[in-house]
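# Structural overview for review
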Amino acid sequence: MNALATLPLDPQTLRADFPILATTIHDNVPLVYLDNAATTQRPRQVIQTIVDTYERRYANVHRGIHWLSDQSTDLFEEAREGVRAFINAPAREEVIFTHGTTESINLVARSWGDANVRAGDEIVLTVMEHHSNLVPWQQLAARTGCTLRHIPITDDGELILDEFDKLLSPRTRLVALASVSNVLGTINPVEEIVRRAHSAGALVLVDAAQSAAHMPTDVQRWNADFVAFSGHKMLAPSGVGVLWGRRELLDAMPPFLGGGSMIRRVKVDSFEPADLPAKFEAGTPPIVPAIGLGAAIDYINAVGLANIHAYEDVLTRRAHTVLAEVGGVRIVGPALEKKAGIVSFTVEGVHAHDVAQLLDRQGIAVRAGHHCTMPLHKRLGITATARASFYFYNTLDEINLLGRALADAKHVFRRR
Amino acid sequence: MPADEEEIYQEHILDHYEDPYHRGHCAHPTHAHEDDNPLCGDEVRIELDVEPGGRIREAYFNGDGCCISQAAASMLVEHIEGKDVGFVKQFSAEEMLKLFGARLTPNRQKCCLLSWKVLQSAIFSPVDGGGPRTADGKGNATAGDATTGEVKKP
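Residues numbered from 1 in each chain as written. Chains lettered and ligands numbered in written order. Predicted model: local features only at pLDDT ≥ 70, side-chain atom pairs only at ≥ 80, totals over all residues. Heavy atoms only, no water.

### Some words on the overall build of chain A
When you go through chain A residue by residue, the secondary structure sums to 15 helices and 17 strands. For a compact globule of 416 residues, the expected C-alpha radius of gyration is about 22 Å, and chain A comes in at 22 Å, within 12% of that figure. C-alpha extents for chain A along the principal axes are approximately 70 × 55 × 35 Å. Considering only residue pairs separated by 6 or more positions, chain A has 71% of its internal contacts joining residues 24 or more positions apart. Carbon together with sulfur atoms contributes 51% to the accessible area of chain A, which is approximately 16,300 Å² in total. For chain A, the separation between the mean place of its 41 positive charges and that of its 46 negative charges on side chains is 5 Å. (Helix = DSSP H or I, 4+ residues; strand = E, 2+ residues; numbered from the N terminus. Rg over C-alpha atoms; globule rule 2.2 N^0.38 Å. Contact = heavy atoms within 4.5 Å. Areas by Shrake-Rupley, 256 points an atom, 1.4 Å probe, with all protein chains shown as cover. Lys, Arg positive; Asp, Glu negative; His and termini not counted. Charge placed at Lys NZ, Arg CZ, Asp CG, Glu CD.)

### Comments concerning unusual backbone geometry
Leaving glycine aside, a negative phi is the common case for residues, and trans is the common case for peptide bonds. Residues Leu276(A) and Pro277(A) are joined by a peptide bond in cis, for which omega reads -5 degrees. Inspection of the secondary structure puts Pro277(A) in the loop between strand S12 (270–273) and helix H11 (287–303). Backbone geometry at Asp27(A) places phi at a positive 60 degrees, although glycine is not the residue there. Relative to the assigned elements, Asp27(A) resides in the loop between strand S1 (24–25) and strand S2 (29–30). Note on Asp27(A): relative accessible area 68%, which makes it exposed. With a phi angle near 50 degrees, His22(B) is a residue other than glycine that sits in the positive phi range. Counting through the fold element by element, His22(B) comes out in the loop between helix H2 (11–18) and strand S1 (31–37). (Buried < 20%, exposed > 50% of the residue type's maximum accessible area, 1.4 Å probe, protein only.)

### Some points on the pairing of strand S11 (residues 263–267) of chain A
Sheet topology note: the S11(A)/S12(A) ladder contains 4 bridges and is antiparallel. Within the sheet, the bridge partner assigned to Val266(A) lies in S12(A) and is Phe271(A). (Pairing = 2+ DSSP bridges.)

So yeah, pure geometry; function would need other evidence.
And the structure:
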């Protein structure tokens with residue numbers, strides 16, 4: 001009990017809020033969910049908020065002159081305020097509800113990109129980006145003739161900032177990077193990147209999908225220009241995401257999707273766009289997922305992001321120790337103090353898919369493959385990794401089980 | 001532990017993975033093809049030495065990937081060696097899964113079927129200076145049609 005007393009939070013108490021974590025699979029093997037970088041699970045509080053909304057307070061938002069629509073609109077806008085406070089945005093109007101990180105990034109690439117980027121301009125990305133922060137810029141390059149540059153990484157998976165400086169020029173229009181790598185777990189120095197990018201006159205978009213639920217997001221401290229993240233990686237339903245942008249940038253950008261809600265006035269052959277945030281929220285938005293995101297933020301705030309980050313560090317340290325004991329395991333990514341709760345690895349002689357399949361037998365859910373980062377895997381010289389990713393409801397016992405199951409997996413393959 | 005999943009790592013399959021049949025290259029390939037499954041990185045190349053009459057004198061595979069993709073390729077080249085190209089054309093995806101033996105989830109069926117798809121293309125892919133345009137000299141027939149959801153290289 002001493003060890004527990006020293007932990008930054010009590011995972012057992014929190015686990016009780018997550019019905020799915022009590023699941024047993026494969027004839028009574030307890031589920032060990034270590035795929036949190038793909039998506040987290042939801043606590044009862046979020047699930048109940050969804051149920052309550054649908055059962056008592058659901059109608060379309062910003063539409064009706066009727067009581068139910070007011071109820072729904074209030075909840076939806078409360079959620080927006082919850083997001084604003086969560087990321088310390090200066091104004092609620094700067095918080096755009098999208099359907100996920102991918103749509104948020106595409107919104108910027110389409111709207112800001114098409115209006116501001118020309119042939120000869122440059123967009124700087126990193127080698128470790130998720131495909132969702134690569135492909136929209138490749139599409140922008142195809143439309144505009146701009147050039148993409150990539151900040152290289154060290155063998156340990158850290159950005160090489162000296163090389164970044166060399167990539168920056170008056171042609172650089174935007175730097176887009178992940179705050180935390182979804183494979184390496186690398187915590188990137190966002191503030192420093194922003195400082196250098198702004199000195200060169202470039203804007204910065206931060207893909208915060210892997211950090212929003214795990215460490216504090218302060219868009220003003222980062223001094224970023226756009227920040228994107230998803231609800232489903234932070235206890236909320238899938239189908240809702242956020243784009244935060246500086247008001248003056250969002251105001252100057254043309255609308256992305258056209259349709260209802262995003263207009264002030266429509267004539268047969270023209271329209272006037274609505275003010276923020278409606279301008280970027282065409283059609284019926286993800287109403288209940290957004291309200292669920294509000295509840296998820298309340299839950300995360302109650303646990304405390306500082307506690308979450310500190311506890312994930314405990315889990316990650318244990319994971320590194322346990323995997324080293326297995327032998328023949330190569331962990332990709334930087335030193336512990338520079339990474340989040342994501343541990344990607346290869347096992348000598350066992351393909352990542354076989355690792356995942358064999359771990360699944362013991363109830364352990366990990367991801368295997370390239371995790372939507374094919375260029376990063378090419379850089380690392382491997383085709384696939386297995387990835388264990390943690391959240392506050394994981395336990396040290398589960399990490400120990402991961403180690404034992406990996407040792408068993410190695411034994412399945414006899415002669416290698 | 002689930003019996004159906006456990007089957008994947010049964011002796012017969014591990015034998016093919018760790019001690020494969022004809023992993024390597026034909027001395028005189030007449031037909032060859034390779035492909036990968038970009039989602040997981042599995043790669044398989046198949047080389048055939050087809051006699052003028054259409055009999056597959058020799059079949060080899062090479063590649064890299066998970067146990068299922070590589071064991072399946074080994075089983076497949078062993079299975080079709082000595083058979084006619086017509087037999088390969090008739091050999092369905094379903095039969096391939098049956099040949100593999102273990103029950104597979106849809107995701108892992110793709111691993112198993114990679115070599116089968118490569119083989120179906122290989123019989124239509126003469127090596128430069130090698131045999132006729134198609135392995136049995138009968139023109140482009142039905143083999144490609146039998147594939148379902150084929151993953152093409154981008």
